[in-house]
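Structure assessment
One-letter residues, chain by chain:
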Amino acid sequence: MLETIAFVAFAFVTLASALAVVLLKDPWHSALMLGVALTSIAVHFVMLAAEFVAMMQVLVYVGGVLVLITFAVMLTQRDDEASDEVVQA
């Protein structure tokens, strides 16, 4: 019974965060929601007694891909205040 409740709870977290990845306009918040979705998928793997796959999920996807997305967002976002000062000067 407890396992079913945990599965439903993490399934809701996975679906809600995956929906937030698609619907959020800010790429930084979307990347954070992607991290939540990937972490909750790792919890599903643990519930299936696949601990190695869960560990690889966290290391490769949450660790590697999310850091890569974070660097891409940081390097490509435009600073609106600095660009406004250049235009006014």
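For the structure itself, consult the block above.
Quick look at the structure, then. Nothing here was measured: the structure is a model prediction, and the numbers come from that model.

A word on the packing of helix H1 (residues 2–23) against helix H2 (residues 27–47)
- As a packed pair, H1 and H2 sit with axes 8 Å apart at the nearest point and diverge in direction by 155 degrees. Considered as vectors, H1 and H2 are oriented roughly antiparallel to each other. The two elements H1 and H2 meet at a crossing, and its hand is left-handed. Between H1 and H2, the residues in contact are Glu3, Ala6, Phe7, Phe10, Ala11, Val13, Thr14, Ser17, Ala18, Ala20 and Val21 and Ser30, Met33, Leu34, Val36, Ala37, Ser40, Ile41, Val43, His44 and Met47, respectively.
- Taken together, the residues of the contact of H1 with H2 break down into 15 nonpolar, five polar and one charged.

Quick look at the environment of Val13
- Among the structural elements, Val13 can be located in helix H1.
- Those residues in contact with Val13 that sit more than four places away from it in its chain are Val36 and Ser40.

Calculation notes
- Residues numbered from 1 in each chain as written.
- Predicted model: local features only at pLDDT ≥ 70, side-chain atom pairs only at ≥ 80, totals over all residues.
- Heavy atoms only, no water.
- Axes fitted to C-alpha atoms, helices over the stretch in contact; angles between N-to-C directions.
- Helix = DSSP H or I, 4+ residues; strand = E, 2+ residues; numbered from the N terminus.
- Parallel < 35°, antiparallel > 145°, perpendicular 65-115°, else oblique.
- Left-handed = near helix turned anticlockwise from the far one by under 90°.
- Contact = heavy atoms within 4.5 Å.
- Nonpolar A, V, L, I, M, F, W, Y, C, P; charged D, E, K, R; others polar.

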